[in-house]
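Here is what each chain is made of, one letter per residue.
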Amino acid sequence: MRSVCLINSYNYETYLEACVRSALCQTRPFDVIHIVDDGSTDKSRPMLEALASQFHNIVLHFKQNGGQLSCFNTATQFVQPDDLICMLDADDVLPADYLALLLQKRQLMPADLYFCEPTYFKNTEPPPASAARATSDPDFAWQISSHTVRKDRIWTGSPTSCISLTGALFLQLLPFPFESDWRTRADDILILGSAIVGASKCYLPSLTIGYRVHGANSFYGKTEDSAAKLRYALRVERVFNTYCARVNLSQIVDLLEGPARREIELVPNQLRSRFNLPTDRTMTLQKYRGARRTLKKLRMMLKGEY
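What you see is a predicted model, and the numbers here were worked out from it, not measured in a lab.

Caption draft 1: Geometry of the packing of helix α1 (residues 13–24) against helix α2 (residues 44–54). The contact between α1 and α2 brings their axes to 10 Å, and the two run at 20°. By the angle between their directions, the pair α1 and α2 is classed as roughly parallel. Seen along the crossing, α1 lies across α2 with a hand that is right-handed. Between α1, through E13, L16, E17, V20 and R21, and α2, the contact on the second element is made entirely by S44, M47, L48, L51 and Q54.

In structure tokens, the structure reads:
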């Protein structure tokens with residue numbers, strides 16, 4: 001198994017060197033650091049070439065500008081099925097012990113995709129010194145959430161730099177069409193796609209990365225108007241339609257309800273709110289209300305009123 005850091009970058013010369021050096025300075029070194037530059041017009045290229053001349057495990061890929069998903073799609077040319085890929089945006093950083101701790105977690109909890117929690121920091125603040133994060137929430141491997149995500153469109157994940165996944169899953173999900181839909185926020189493809197196709201997802205609240213907060217963040221701190229939310233919903237529908245067709249899965253809600261309930265029951269109540277999932281009590285009430293509506297319909301049919 002190769003440990004791979006996949007960095008995507010566009011015009012982030014201000015933050016890029018700190019990002020790359022955070023990947024280089026891991027206590028357990030990455031086997032290879034692939035950097036996909038999305039047609040930057042600033043000084044990113046000479047900066048990257050200078051770093052690559054010093055470190056043998058940096059591999060550079062320069063392409064025309066196409067957005068974040070196009071960078072992910074480009075990576076399918078060099079990702080191998082047995083890789084473990086740590087995603088990293090060029091404005092974020094990995095604490096020095098991140099990969100070592102992640103590999104320890106992976107030995108204990110094998111999964112197809114891992115996601116942790118971000119630690120937000122501003123330019124005037126230091127990033128987290130360690131990837132170890134104090135929390136009362138347990139690490140949890142959700143073996144399957146396909147029915148749940150198809151029924152309720154649940155987004156169970158974290159931003160790009162918090163995500164790691166196997167090369168096999170990466171190659172199953174990508175390349176993905178509709179690149180213009182996902183010039184930013186392409187982590188949705190990994191988070192939603194992995195759930196749809198039935199991959200196992202491991203939530204690691206005990207780990208963290210450094211998520212830099214600055215004026216050019218594509219998503220953090222931004223608000224969307226109603227039209228933007230509707231456009232996003234259409235993009236998400238294309239994701240579901242594409243993957244469900246690719247692996248021949250139904251989107252009929254009535255067929256998904258029972259299996260989705262069983263999937264949700266696998267998640268500890270303590271973590272349900274993190275995943276926007278209903279508690280056992282809520283599901284019981286929903287089931288009771290459904291039974292009550294069915295009885296009411298039967299009574300009306302017997303009386304000839306339906």
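Caption draft 2: Highlighting the sheet that holds strand β2 (residues 32–37). The eight strands are arranged β3-β2-β1-β4-β7-β5-β8-β6 in an open sheet whose pairing can be described as mixed. Of all strands in the sheet, those with a lone pairing partner are β3 (58–62) and β6 (140–142), marking the two edges. Mean inter-strand twist for the sheet, computed between neighbouring axes without regard to direction, equals 30°. Relative to strand β1 (residues 3–9), α1 is tilted by about 175°, and along the sheet it contacts β1, β2, β3, β4 (84–89) and β8 (201–213). Relative to β1, helix α3 (residues 68–75) is tilted by about 145°, and along the sheet it contacts β1, β2 and β4.

Caption draft 3: Layout of the packing of aromatic side chains. In this structure the tally under the stated criterion is nine aromatic pairs. Aromatic side chains W142 and F275 sit 5.7 Å apart centroid to centroid with 5° between the ring planes, which places their arrangement in the stacked category. With W142 in strand β6 and F275 in the loop between α10 (269–272) and α11 (280–302), this pair connects stretches of sequence that are 133 residues apart. Of the residues examined, W142 reaches a relative accessible area of 3% and is grouped as buried. With a relative accessible area of 1%, F275 lands in the buried category.

Caption draft 4: Quick peek at the state of the cysteines. This structure, assessed with the given rule, holds zero disulfides. This cysteine, C162, is not joined by any disulfide, and C116 carries the nearest cysteine sulfur, 4.2 Å off. The exposure class assigned to C162 is buried, which follows from its relative accessible area of 2%.

Caption draft 5: Main features of the pairing of β8. Most of β8 sits out of view: 13 of its 13 residues are buried. When strand β5 (residues 113–122) meets β8, the two strands line up parallel, connected through 10 bridges. For C116, the partnering residue across the bridge sits in β8 and is L204. Here β6 pairs with β8 via three bridges, running antiparallel. Looking at β8, one finds that W142 is bridged to K201.

The rules behind these values
- Residues numbered from 1 in each chain as written.
- Predicted model: local features only at pLDDT ≥ 70, side-chain atom pairs only at ≥ 80, totals over all residues.
- Heavy atoms only, no water.
- Axes fitted to C-alpha atoms, helices over the stretch in contact; angles between N-to-C directions.
- Helix = DSSP H or I, 4+ residues; strand = E, 2+ residues; numbered from the N terminus.
- Parallel < 35°, antiparallel > 145°, perpendicular 65-115°, else oblique.
- Left-handed = near helix turned anticlockwise from the far one by under 90°.
- Contact = heavy atoms within 4.5 Å.
- Pairing = 2+ DSSP bridges.
- Phe/Tyr/Trp six-rings, centres within 6.5 Å; stacked < 30°, edge-to-face > 60°.
- Buried < 20%, exposed > 50% of the residue type's maximum accessible area, 1.4 Å probe, protein only.
- Disulfide = S-S within 2.5 Å.

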